[in-house]
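Read off the chains here:
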Amino acid sequence: MDEALGLAEFCRQLPKVELHAHLSGSVSETTIQKLQVKKGVGHDHAHQGDIAIGKGETRHLEEPFRIFKIIQDLSDTEEAIFTMTEDVISEFAADGVRYLELRSTPRHVPHTGMTPSTYVESILSAIQTCKDREDVVVRLLLAIDRRQSVETATTTVRLAQEYVLRSDGVVVGIDLSGNPAVGDGRDFIPVLKEAQNSGLKLALHIAEISQQATSPETAALLSLPPDRVGHGTFIHHNQDLADMVVDKNIPFEICLTSNVKAQTVASYSDHHFQHWYSKKHPCVLCTDDKGVFCTTLSEEYRHAAETFQLTRPDLWDLSYHSIDHTFGGEDLKQQLRDKWNTEKEKLFQTT
Ligand SMILES: CC(C)=CCNc1ncnc2c1ncn2[C@@H]1O[C@H](COP(=O)(O)O)[C@@H](O)[C@H]1O
Ligand SMILES: [Zn+2]
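Residues numbered from 1 in each chain as written. Chains lettered and ligands numbered in written order. Predicted model: local features only at pLDDT ≥ 70, side-chain atom pairs only at ≥ 80, totals over all residues. Heavy atoms only, no water.

- The name recorded for the protein chain in an unreviewed UniProt entry is Adenosine deaminase-like protein, from Branchiostoma floridae.
- According to its UniProt record, the protein chain has this under Subunit (unreviewed entry): "Monomer."
- Recorded in UniProt under Catalytic activity (unreviewed entry), the annotation for the protein chain is "N(6)-methyl-AMP + H2O + H(+) = IMP + methylamine". (UniProt positions renumbered as here; feature names shortened; annotations may be inferred.)

As structure tokens, then:
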């Protein structure tokens, strides 16, 4: 008799930490349809094939950025930002995520009156609404898009500094993201330093594409140093960069499906997770854009288990140690560890 949980169900029931989730890229098809209805645009305006990359599909690097733009155009009001944040939080909670760091780029949309401040407020208000309803603690990083001017990036950092106090600690840090083939990350170093000096944490997309293994921006960004590296796909291709990451013990946010579907790695088994995990370097499994890449965090755990032969206790450890790399503060980390330990017994009783 097989009473053991299947791997997929084990991964869903495993309490998980999600540290790399872009709001617009995390929006599900159901929410997109809601946004279309609210905006009064037809369902065929952006059907599933246009706004998501399905199972087994891969696309050119530029494609996800075209999709983000479609979703951002659909979410150009405070009400839409509230709705998508609320839905994304509920979906992560339903997938067993118990601590979630969302990140999003504040936008100014003059024709609807949404400003970077009201954008952030709409997200915070949805986080507040979900606080008592969903079994997940949510924190927020404000994102700088590489395409933006240093002036806009400065406004984002100032907003984050202001909201750290006003949000009662929900805003915790700054993300640097956007199309890695565009711009030079070094332009943002002074403003990132300012963020860091004011106590904000830094999670930066670094070396996502092969050209960045040799570009001077990678070493410059790593020497800040950031608190976490997003992707870091090509860091181990350059010994000096790999040494920097090891010396400073900078954790990697690992997004398996995102990297395979956007073709920055050839297949799951070629993923750099293997390199770092085998060296016992801190790695945190994440989704990046669960809507656009059609995944969930539990599926990412399952892919890791199946590809790299991880046992259930390995998956447990991976999830538990992810708590160490959260930006929510020491007290919260301890609360999460307690929660994980309580759930451990239940989970392993049924497996
Ligand atoms: C194609 C590829 C290498 C994908 C890896 N993934 C990503 N790389 C860099 N920036 C990203 C990625 N996924 C989402 N973003 C950023 O997140 C934004 C969407 O979320 P939001 O509007 O900030 O709420 C995008 O416009 C982009 O700036
Ligand atoms: Zn990302």
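### Examining the overall build of the protein chain
Thinking step 1. Tallying secondary structure elements over the protein chain gives 16 helices and 8 strands in all.
Thinking step 2. Along the first, second and third principal axes, the C-alpha atoms of the protein chain reach 60 × 45 × 40 Å.
Thinking step 3. Here the analysis covers contacts within the protein chain between residues at least 6 apart in sequence; of these, 77% occur between residues at least 24 apart.
Thinking step 4. When the accessible surface of the protein chain is split by element, carbon and sulfur atoms take 49% of a total near 14,500 Å².
Thinking step 5. Once the 35 positive and 52 negative side-chain charges of the protein chain are each reduced to a mean point, those two points are 1 Å apart. (Helix = DSSP H or I, 4+ residues; strand = E, 2+ residues; numbered from the N terminus. Contact = heavy atoms within 4.5 Å. Areas by Shrake-Rupley, 256 points an atom, 1.4 Å probe, with all protein chains shown as cover. Lys, Arg positive; Asp, Glu negative; His and termini not counted. Charge placed at Lys NZ, Arg CZ, Asp CG, Glu CD.)

### Notes on the side chain of Lys 333
Thinking step 1. Looking at where Lys 333 falls in the secondary structure, it is placed in helix α16 (residues 330–349).
Thinking step 2. Owing to a relative accessible area of 10%, Lys 333 belongs among the buried residues under this scheme.
Thinking step 3. Within the structure, Lys 333 has its side chain in polar contact with the backbone oxygen of Asp 324 (distance 3.1 Å).
Thinking step 4. For Lys 333, the contacting residues outside a window of four places in its chain are Ile 323, Asp 324 and Thr 326. (Buried < 20%, exposed > 50% of the residue type's maximum accessible area, 1.4 Å probe, protein only. Polar contact = N/O pair within 3.5 Å; in protein donor to acceptor, adjacent residues only side chain to side chain.)

### Describing the site of ligand 1
Thinking step 1. Around ligand 1, the structure places 22 residues, and the nearest of them are Ser 24, Ser 104, Thr 105, Asp 288 and Asp 289.
Thinking step 2. One nitrogen or oxygen atom from the side chain of Ser 104 is found 2.7 Å from an oxygen atom belonging to ligand 1.
Thinking step 3. At 2.9 Å, a backbone N or O of Gly 178 approaches a nitrogen atom of ligand 1.
Thinking step 4. Protein contacts shield 99% of the accessible area of ligand 1, which totals 610 Å² for the unbound molecule.
Thinking step 5. Counting residues per element, the ones that place at least two in the shell around ligand 1 are α2 (23–26), α5 (62–74) and β2 (97–104).
Thinking step 6. Looking at which element gives the most residues to the shell around ligand 1, the answer is α5, with 4 residues.
Thinking step 7. Classifying every residue of the shell around ligand 1 by side-chain character gives 6 nonpolar, 11 polar and 5 charged. (Near = heavy atom within 4 Å. Nonpolar A, V, L, I, M, F, W, Y, C, P; charged D, E, K, R; others polar.)

### Points about the packing of aromatic side chains
Thinking step 1. Enumeration over the complete set of coordinates arrives at 7 aromatic pairs.
Thinking step 2. Ring plane angle 80° and centroid distance 5.4 Å describe the contact between Phe 65 and Phe 68, whose orientation is recorded as edge-to-face. Of the two residues, Phe 65 and Phe 68 both sit in helix α5, 3 residues apart, roughly one turn of that helix.
Thinking step 3. Given the relative accessible area of 25%, Phe 65 is considered partly exposed.
Thinking step 4. Ring geometry for Trp 316 and Tyr 320: centres 6.4 Å apart, planes at 15°, overall stacked. Of this pair, Trp 316 and Tyr 320 both sit in helix α15 (residues 312–322), 4 residues apart, roughly one helical turn. Of the two residues examined, Trp 316 and Tyr 320, each falls in the buried class. (Phe/Tyr/Trp six-rings, centres within 6.5 Å; stacked < 30°, edge-to-face > 60°.)

### With respect to the pattern of salt bridges
Thinking step 1. According to the stated counting rule, one finds 26 salt bridges in the structure shown.
Thinking step 2. A salt bridge links Arg 158 to Glu 194; the nearest nitrogen and oxygen atoms lie 3.0 Å apart. Linking Arg 158 in helix α8 (residues 150–166) with Glu 194 in helix α9 (residues 189–197), this pair joins segments that are 36 residues apart in sequence.
Thinking step 3. You can call Arg 158 partly exposed: its relative accessible area is 44%.
Thinking step 4. By sharing partners, the salt bridges in this structure join Glu 101, Arg 103, Asp 175, Arg 228 and Glu 253 into a single network. (Salt bridge = Lys/Arg side-chain N within 4 Å of Asp/Glu carboxyl O.)

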